[in-house]
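Per-entry structural report
Below are the chains, spelled out letter by letter.
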Amino acid sequence: MEHLQDTILLNNGVRMPGLGLGVYKVDDGQNVYDIVKAAIEHGYRSIDTASFYGNEAGVGRAIKDSGIPRNELFITSKVWNDQQGYESTKQAFQSSLNQLELEYLDLYLIHWPIRDQFQETWRAMESIYRTGKIRAIGVSNFHIHHLKKLKETAKYVPAINQVEFHPHLTQRALRDYCKKEGIQLEAWSPLKRGQLLDEPLINELAKKHGKSAAQIILRWDIQHGVITIPKTTHIGRMKEIADIFHFQLSTEEMAQLDALNCDDRSGSNPEKYDKK
Ligand SMILES: NC(=O)c1ccc[n+]([C@@H]2O[C@H](COP(=O)([O-])OP(=O)(O)OC[C@H]3O[C@@H](n4cnc5c(N)ncnc54)[C@H](OP(=O)(O)O)[C@@H]3O)[C@@H](O)[C@H]2O)c1
């Protein structure tokens, strides 16, 4: 990847930008509208929202007012936990489309692997996918055992598994499994919600490359071939995040960053949602 708008090929032939903007915890209305509109103006083409974030309406308005043709944008949303099941997923999808005022989504994800429900949820997503109203379907927060269970009944392999991924949670086994199965990994909380920005090694590498700590982490993501969707509400940071394509971390530096892994999460462990 050499540019903010460069894409990665998913297993169904759809191309997704390798870097996008996440909008979790950005308030609906003017806040999210301004952020998404500014992101698109600054060259971002991929926006990650979810029904749970409660800001799809503002995201949709910004998309509409951006002046960028719909087919040049890549919009992701997700079915929330209490919307899972066959019929309710179909309703949730329609509700997301209505909120966003869009005709179709580029990517729709199962937000968390809700026990005894995600297979039916997936069946609904496959059915919507066949209508052409979603260009790619995927999952989020799936461990290997969830993906194996899904495989027992799925007709389509998920295009994406969006999981927490950063130098403190490198997801080696999951990454290898997804690669083997043709599932593209996507990183949420790539900056560990800001908690990684003081890490000494990351700051040392930042100084060496004349980059910021955030840029080092996001560069590590793209060199691992992992799609990522950092969140920021600051335009200056948006520009900074987009400027990660003209330097290279060496193999040794990548290994040093990998070695920071301590399997530590900033968000929930998906197993929490796998209980009766
Ligand atoms: N599928 C899931 O279950 C799931 C879960 C969580 C998140 N996500 C998605 O992933 C996206 C990103 O994750 P996240 O929002 O949890 O965390 P994140 O992207 O790791 O971190 C966001 C935090 O880092 C700060 N930040 C951003 N750029 C920075 C920079 N250049 N320098 C210093 N600080 C910077 C932001 O502050 P400012 O806003 O003040 O700049 C914000 O506080 C979400 O927005 C959402 O779309 C998905």
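Here's the deal with the pattern of salt bridges
Per the stated rule, a full pass over the model turns up 14 salt bridges. Linking K37 and E41 is a salt bridge whose minimum nitrogen-to-oxygen distance equals 3.6 Å. Taken together, the residues K37 and E41, both in helix 1 (residues 30–41) and 4 residues apart, mark about one turn of the helix. Its relative accessible area of 58% is what places E41 among the exposed residues.

Some details on the site of the ligand
Residues in close proximity to the ligand total 29 residues, the closest being D48, Q162, S189, T232 and R237. K231 is positioned with one of its backbone polar atoms (N or O) 3.0 Å from an oxygen atom of the ligand. The separation between an oxygen atom of the ligand and a polar side-chain atom of T232 is 2.5 Å. Burial of the ligand by the protein chains amounts to 89% of its free accessible area of 910 Å². Tallying contributions element by element places helix 9 (residues 235–242) first for the shell around the ligand, with 3 residues. Each residue belonging to the shell around the ligand can be placed in one class, and the counts come to 12 nonpolar, 10 polar and 7 charged.

Re the nonpolar core
Judged by nonpolar contacts, the single largest core of 73 residues is most densely connected at V23, L105 and L257. In contact with L105, other than residues within four places in its own chain, are R70, I75, S77, F93, L97, L100, K133, I134 and R135.

Some points on the sheet that holds strand 4 (residues 46–48)
Taking strand neighbours across the sheet as the criterion, the 8 strands line up as 3-4-5-6-7-8-9-10 in an open arrangement whose pairing is parallel. The outermost strands of the open sheet, each flanked by one partner alone, are strand 3 (21–22) and strand 10 (227–228). Sheet topology note: the strand 4/strand 5 (residues 74–79) ladder contains 3 bridges and is parallel. In the sheet register, I47 faces strand 5, and the bridge partner there is I75.

Section: a positive patch on the surface
On the surface, a cluster of positive charge is contributed by K25, R193, K231 and R237. When you line up the elements, K25 lands in the loop between strand 3 and helix 1. K25 gets classed as exposed once you look at its relative accessible area, which sits at 61%.

Remarks on helix 7 (residues 200–209)
Among all positions of helix 7, only L201, I202, L205 and A206 are buried. When helix 7 is viewed along its axis, its buried side chains cluster within an angular range of 140° and face the same direction. Set apart from the buried face of helix 7 by more than 90 degrees, the exposed residues are P200, E204, K207 and K208. In this fold, the buried residues of helix 7 make contact with helix 8 (213–223) and helix 10 (251–258).

What counts, and at which threshold
- Residues numbered from 1 in each chain as written.
- Predicted model: local features only at pLDDT ≥ 70, side-chain atom pairs only at ≥ 80, totals over all residues.
- Heavy atoms only, no water.
- Salt bridge = Lys/Arg side-chain N within 4 Å of Asp/Glu carboxyl O.
- Helix = DSSP H or I, 4+ residues; strand = E, 2+ residues; numbered from the N terminus.
- Buried < 20%, exposed > 50% of the residue type's maximum accessible area, 1.4 Å probe, protein only.
- Near = heavy atom within 4 Å.
- Polar contact = N/O pair within 3.5 Å; in protein donor to acceptor, adjacent residues only side chain to side chain.
- Areas by Shrake-Rupley, 256 points an atom, 1.4 Å probe, with all protein chains shown as cover.
- Nonpolar A, V, L, I, M, F, W, Y, C, P; charged D, E, K, R; others polar.
- Core = buried A, V, L, I, M, F, W, Y, C linked by side-chain atoms within 4.5 Å.
- Contact = heavy atoms within 4.5 Å.
- Pairing = 2+ DSSP bridges.
- Patch = residues over 30% accessible without salt bridge, like charges linked within 9 Å, V, L, I, M, F, W, Y side chains within 5 Å.
- Lys, Arg positive; Asp, Glu negative; His and termini not counted.
- Charge placed at Lys NZ, Arg CZ, Asp CG, Glu CD.
- Arc of directions from axis to C-beta.

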